[in-house]
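What follows is each chain in one-letter form.
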There are 2 protein chains.
Amino acid sequence: MTPNAERALDALGDPTRRLVFKRLRGGTRSVREIAEGLDVSRPAVSQHLKVLRTAGLAVVRIEGTRRLYAVDTRGVEALRSWLDGFWDKALVAFKTAVEREAVKRRKP
Amino acid sequence: MTPNAERALDALGDPTRRLVFKRLRGGTRSVREIAEGLDVSRPAVSQHLKVLRTAGLAVVRIEGTRRLYAVDTRGVEALRSWLDGFWDKALVAFKTAVEREAVKRRKP
DNA sequence: TCTATACGTTAGTATTGACTTACGGTTAGT
DNA sequence: ACTAACCGTAAGTCAATACTAACGTATAGA
């Protein structure tokens, strides 16, 4: 799917879906391998993987009867650039100002 | 609140909460200013801001009767480093491999 | 003191969505 | 052809949560 930061954030908003996604960090895995050890059923994992795919965070490769999932770095890239919108120089300047305020308030 | 990537992702999983958060990108704003134009009530915005604060994504500064909210860059930083865990060289190498597969499949 | 403004919180409701169960389709092996 | 392994999908249920309405608090100003 085309990478979209908003959809990626929606996808990563769920804890167990993050667990599924984090299992892809270790490399390519089949659905069975991903579901193993998780306390949800295999169909649930399949549904999570579908959401991750739609969000541009995962890719599939069919191999025999198995489907091997892996991280789609384009989704991660989309998230990075979205985050960068909250990380420009003006905001950093404000951050230091806030921290000074916090220190002053801590020592009245 | 102490910056935590998981909680930040939980917070940004909601669309209207992202709208609230994106309004902080323009600089410091009061709750009234943030709620203006949104199709949810002002108390709803307050609740969203509380979640963003708990997630380490927003900071408050009291000024008279108003509360000025701003982006907490520490939360954004936490998200960035979390994302970097899915962005190492091994994954990039795999990405190019997947793209080659996709091209082959498109031209059978 | 009285009023208005600006917010946070609580209680209650409604809707979203994560999960299980059951089923169907596909491939590999015998 | 038959079986087993692997996986996606559909339907239905239940819990999480986003929202509104009502209320209470604090500050600024007249």
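For the structure given in this document, a descriptive report is provided here.

Taken together, the neighbourhood of DNA strand C is formed by 24 residues, with Ser41(A), His48(A), Arg32(B), Ser46(B) and Tyr69(B) sitting nearest. Near the protein, within 4 Å, the atoms of DNA strand C are sugar or phosphate in 68% of cases. Note that a phosphate oxygen of DNA strand C is positioned 2.7 Å from one of the backbone N or O atoms of Ser41(A). Contacts to DNA strand C include His48(A), whose side-chain N or O atom sits 2.2 Å from a phosphate oxygen.

Let us now look at the sheet that holds strand β1 (residues 29-30) of chain B. Residues and elements named next belong to chain B. In spatial order, the strands read β1-β3-β2; together these three strands make up an open sheet with antiparallel pairing. Looking at strand neighbours, the two that pair on one side only are β1 and β2 (58-63), the edges of this open sheet. With six bridges connecting them, β2 and strand β3 (residues 66-71) associate as antiparallel partners. In the strand pairing of β3, Val59 is matched with Ala70.

Before going further, it helps to spend a moment on the protein's contact with DNA strand D. In the vicinity of DNA strand D lie 24 residues, with Arg32(A), Ser46(A), Tyr69(A), Ser41(B) and His48(B) positioned nearest. At the protein interface, 71% of the atoms of DNA strand D within 4 Å belong to sugar or phosphate. Interatomic distance of 2.5 Å between a side-chain N/O atom of Tyr69(A) and a phosphate oxygen of DNA strand D. Measuring from a base oxygen of DNA strand D, one finds a side-chain N or O atom of Gln47(B) at 3.4 Å. Sorting the residues of the surface near DNA strand D by element identifies α3 (31-35), α4 (42-54) and β3 (66-71) of chain A together with α2 (15-23) and α4 (42-54) of chain B as the ones contributing at least two each. If you tally residues by element for the surface near DNA strand D, the top one is α4(A), at five residues. Its residues placed into classes, the surface near DNA strand D shows six nonpolar, 10 polar and eight charged.

The next point concerns the interface of chain A and chain B. Between chain A and chain B, the contact holds 35 residues from the first and 34 residues from the second. For the pair chain A and chain B, the summed buried area comes to about 3,500 Å², and 66% of that belongs to carbon and sulfur atoms. Viewed at the interface, chain B and chain A are joined by eight salt bridges. Among the ionic pairs, Arg18(B) bridges to Glu6(A), the shortest N-O distance being 2.7 Å. Inspection of the region where chain A meets chain B yields eight residue pairs in polar contact (both at pLDDT 80 or more). Where the side of chain A that touches chain B is concerned, the elements lending two or more residues are α1 (5-11), α2 (15-23), β2 (58-63), β3, α5 (73-84) and α6 (89-106) of chain A.

What follows is about the relation of the copies chain A and chain B. For the pair chain A and chain B, the relating rotation is 179°, the translation along its axis is 0.0 Å, and the fit reaches an RMSD of 0.1 Å. Seen this way, the second copy is the image of the first under a two-fold rotation axis. Within chain A, Gly13(A) has its C-alpha nearest the rotation axis, a separation of 2.1 Å. Of all interface residues in chain A, 97% are interface residues in chain B too; the two copies therefore contact each other through one and the same surface.

Before going further, it helps to spend a moment on the sheet that holds β3(A). All names here are of chain A. Reading across from one edge, β1-β3-β2 is the order of the three strands in this open sheet, with antiparallel pairing throughout. In this open sheet, the two strands that pair with only one neighbour each are β1 (29-30) and β2. In this sheet, β3 lies alongside β1 in antiparallel orientation, the contact comprising two bridges. Bridge assignment links Ser30 to a residue of β3, and that residue is Leu68.

Our focus in this paragraph is α4(A). Residues and elements named next belong to chain A. Taking 1.5 Å as the rise per residue, α4 with 13 residues should run 18 Å; its terminal C-alpha atoms sit 18 Å apart, in good agreement. When α4 is considered as a whole, its buried residues turn out to be Ala44, Val45, His48, Leu49 and Leu52. For α4, the arc enclosing every buried residue in end-on projection is 140°, short of the 170-degree limit, so these residues lie on one face. Opposite its buried face, α4 presents the exposed residues Gln47 and Lys50, each directed more than 90 degrees away. Turning to α4, the residues buried within the fold contact α1, α2, α3, β2 and β3.

Cut-offs applied
- Residues numbered from 1 in each chain as written.
- Chains lettered and ligands numbered in written order.
- Predicted model: local features only at pLDDT ≥ 70, side-chain atom pairs only at ≥ 80, totals over all residues.
- Heavy atoms only, no water.
- Near = heavy atom within 4 Å.
- Polar contact = N/O pair within 3.5 Å; in protein donor to acceptor, adjacent residues only side chain to side chain.
- Pairing = 2+ DSSP bridges.
- Helix = DSSP H or I, 4+ residues; strand = E, 2+ residues; numbered from the N terminus.
- Nonpolar A, V, L, I, M, F, W, Y, C, P; charged D, E, K, R; others polar.
- Contact = heavy atoms within 4.5 Å.
- Buried area = accessible area lost by both parts, 1.4 Å probe.
- Salt bridge = Lys/Arg side-chain N within 4 Å of Asp/Glu carboxyl O.
- Least-squares fit on C-alpha atoms with pLDDT ≥ 70 in both.
- Expected span 1.5 Å × (residues − 1).
- Buried < 20%, exposed > 50% of the residue type's maximum accessible area, 1.4 Å probe, protein only.
- Arc of directions from axis to C-beta.

Note that all results are geometric; they support no functional claim without further evidence.
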